[in-house]
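Breakdown of the fold
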Amino acid sequence: MEDWRRTPLVFWVTSLPPSLWLIVFFLIPLALVWVMSFGELDGLVDIKITGTLANYERALDPLYLEVFGKSLLFAGFTTVISLVVGFPVALAIVFASPRWRPILLLLVILPFWTNLLIRTYALIAVLRVRGFANFSLEWLWDQGNTVLALLGLGSYQLLGERFEPLELLYNNSAVVIGLVYVHMPFMILPLYAALERLDRSLIEAALDLGASQFRAFLTVVVPLALPGIISGGILVFIPALGSFLTPDLLGGTDSQMIANVIERQFKGANDWPFGAALSFLLMYLTFAALTVRALVNRRAERRGGA
Amino acid sequence: MNLAKVFRNREPIGPLEYTRRTWMRLTLLATFVFLYAPIVTLVAFSFNDSRRNIVWRGFSLKYYEQALANDGLIEAFVNSLTIAFVQTIIATILGALTALLLWRFRFPFRGGYEGAMALPIVIPEICMGVAMLAFFSRIGWPTDLPWPLNLSAITIAHVSFSFPFVAVVVRARLEGFNRELSEAAQDLGATEWQVFRDVMVPFMRPGLVAGALLAFTLSLDDFVITFFTSGPDTVTFPVKVYSMVRFSVTPEVNAASTVLIAMTVVLTVLALWLQSRAKLKPEEVAG
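**So, the packing of aromatic side chains**
With the rule as written, the count across this model stands at 31 aromatic pairs over all chains. With centroids separated by 5.3 Å and ring planes inclined at 15°, the aromatic side chains of B:Phe47 and B:Phe59 adopt a geometry described as stacked. Of this pair, B:Phe47 sits in the loop between α2 (22-44) and α3 (62-69) while B:Phe59 sits in the loop between α2 and α3, and the two are twelve residues apart along the sequence. Judged by its relative accessible area of 58%, B:Phe59 is exposed. When the ring of B:Phe227 is compared with that of B:Tyr242, the centres are 5.3 Å apart and the planes differ by 65°; the resulting orientation is edge-to-face. Of the two residues, B:Phe227 is situated in helix α10 (residues 224-229) and B:Tyr242 in helix α11 (residues 237-247); the sequence distance between them amounts to 15 residues. The same class applies to B:Phe227 as to B:Tyr242, namely buried. By the ring-pair criterion, three or more aromatic residues cluster together here, those being A:Trp4, A:Phe11, A:Trp12, B:Phe105, B:Phe107 and B:Tyr113. Positioned above the aromatic ring of A:Phe95 is the side chain of A:Arg200, whose terminal nitrogen or guanidinium carbon lies 4.5 Å from the ring centre. Above the ring of B:Trp103, the side-chain terminus of B:Arg179 is found at 4.3 Å from the ring centroid.

Spelled out as structure tokens, the structure:
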């Protein structure tokens, strides 16, 4: 790396275009929202910057605190479910034969290059009342009845007269299912990266010394995969926390997340200052999550160095 | 190698052969079914000859014909492609410059600069969408321009979130560059511009192409940020699909989505292939 003063002309030619773009079309817009969050509505459209904290106070209203709580809860659930399901998947890919490994990895990566909206839409078609999940359940229910009838337990008696389709859409669990569906690859890939680097002789040593598979997993594999778990957790948690489309399309009226409330302030309610304050609160939560990761990583590095 | 022997031995499952255990395979299978079943059903039923999505009534292309006849949908598709093309060119140039800057120079507040460049990648999309909406309405960006100039606001917003991604990809490629090559060129009398044109750009090319493909897909895919910057006359494909989905689930949307999925899959595979080649190259040079 060379000092910028050696070739100042080259330095300015390379640095000015991207820097100006970032400042004008990213940092200034963000700053504008930040300033707006300290403003008040003046009439219907105008916003007066008064330095008020009223927008942030309003965000502390139980109504909005609940939305924040719910968003954190959804994101948390999504992270935990992705971890529990993603860990065995990552492990299976790492220990797959060299011929299969790239194929399995590609299969994990492909869906997250598919349009988010289309994937969510595809999920609606599966989960709705006349969708495939219920269709499959109904089929199982019919088969179950046939078996019961064959066993002489009577047709359509034990399981009820009619199949009642489950309401799988427009509720909290639909949102969590959707979030897991969308964010799972973000968990599997860092876990894979961490597990791939893992020295297999350590597991073998633990097993040779008499540890059960489960104990070797808990005391050897999990601690060594911790950086991957943290990275994956953050990579799932942050976008899940700020998601708009999934709760919008899959959620019911009581499963709205922060982003939906923000959107409403800007598009429906027209209360931009309040929406701006909510956006910045969401951003601060994001930064807090990133800080946690940085701190954990630093501690892990220090321990690794010692 | 002991391990190799364990792997070749097909009979009993070794302690570390997790992938050969039945429950692991079931988890793997269940996860892939979960990830793919919705998309596969969506694609399959775009060819279904029935309005109700649920029962297979035979192969048909009629929903593709309907989608093609839907002027709003086609217009949105053309808009999306136009935005993606233009923004990809700008984002690739800006991203490449950022990568070169961070790879080559030491300058004050470098850490802060890198952090600022990563911001568009980490902040929630909704915050960025809201910021773009506030910005363009505040500066009074004209909304009644003729096509394609009316897409400029969306294009600008797309460049802002995609060029840092390009920078990451190109920089990863530059890590494998042997600085002695550019120094040798300079020693032989090449000017900065000649070194850039004849040494740096050819070396960066796979990274540039992979980054451009990434930028293109990101732009085609984006809904949230576009949603906040688009007006009634500047509907992109995802925004159009969103309004259709809110209205009802129809095979026509399936057909349109399938086309987009096919496009992204092709682009992804191309990008991944180029990226793996990009990673291989430096070793070839070294060896």
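That shown, we press on.
**A short note on the interface of chain A and chain B**
At the junction of the two partners, chain A supplies 82 residues and chain B supplies 87 residues. The three residues of chain A that bury the most area against chain B are A:Met1, A:Trp113 and A:Tyr121, which together make up 11% of that side's buried surface. Remark: the boundary between chain A and chain B carries one salt bridge. With its nearest N and O atoms 3.3 Å apart, the salt bridge here joins B:Arg104 to A:Glu2. Put simply, chain A and chain B have twelve residue pairs in polar contact (both at pLDDT 80 or more) between them. Broken down by element, the side of chain A that touches chain B gets its largest block of residues, 20 residues, from helix α1 (residues 8-36) of chain A. Of the residues belonging to the side of chain A that touches chain B, the class tally is 61 nonpolar, eleven polar and ten charged. Of the pairings in the sheet, the one linking strand β1 (residues 2-3) of chain A to strand β1 (residues 105-106) of chain B comprises two bridges and is parallel in character. In the sheet register, A:Glu2 faces β1(B), and the bridge partner there is B:Phe105.

**Quick word on the domain arrangement of chain B**
As far as domains go, chain B holds domain 1 (7-36) and domain 2 (69-286). The gap between the C-alpha centroids of domain 1 of chain B and domain 2 of chain B is 38 Å.

**Quick look at the packing of α1(A) against helix α4 (residues 71-104) of chain B**
It is the contact of α1(A) with α4(B), at a shortest axis distance of 9 Å, that shows an interaxial angle of 130°. In terms of axis orientation, α1(A) runs oblique to α4(B). Here the hand of the crossing between α1(A) and α4(B) comes out left-handed. Along its contact with α1(A), which presents A:Val10, A:Phe11, A:Val13, A:Thr14, A:Ser15, A:Pro17, A:Pro18 and A:Trp21, the element α4(B) presents B:Ile90, B:Leu94, B:Leu97, B:Thr98, B:Leu100, B:Leu101 and B:Arg104.

Calculation criteria
- Residues numbered from 1 in each chain as written.
- Chains lettered and ligands numbered in written order.
- Predicted model: local features only at pLDDT ≥ 70, side-chain atom pairs only at ≥ 80, totals over all residues.
- Heavy atoms only, no water.
- Phe/Tyr/Trp six-rings, centres within 6.5 Å; stacked < 30°, edge-to-face > 60°.
- Helix = DSSP H or I, 4+ residues; strand = E, 2+ residues; numbered from the N terminus.
- Buried < 20%, exposed > 50% of the residue type's maximum accessible area, 1.4 Å probe, protein only.
- Lys NZ or Arg CZ within 6 Å of the ring centre and 35° of its normal.
- Contact = heavy atoms within 4.5 Å.
- Buried area = accessible area lost by both parts, 1.4 Å probe.
- Salt bridge = Lys/Arg side-chain N within 4 Å of Asp/Glu carboxyl O.
- Polar contact = N/O pair within 3.5 Å; in protein donor to acceptor, adjacent residues only side chain to side chain.
- Nonpolar A, V, L, I, M, F, W, Y, C, P; charged D, E, K, R; others polar.
- Pairing = 2+ DSSP bridges.
- Domains from an automatic or database assignment.
- Axes fitted to C-alpha atoms, helices over the stretch in contact; angles between N-to-C directions.
- Parallel < 35°, antiparallel > 145°, perpendicular 65-115°, else oblique.
- Left-handed = near helix turned anticlockwise from the far one by under 90°.

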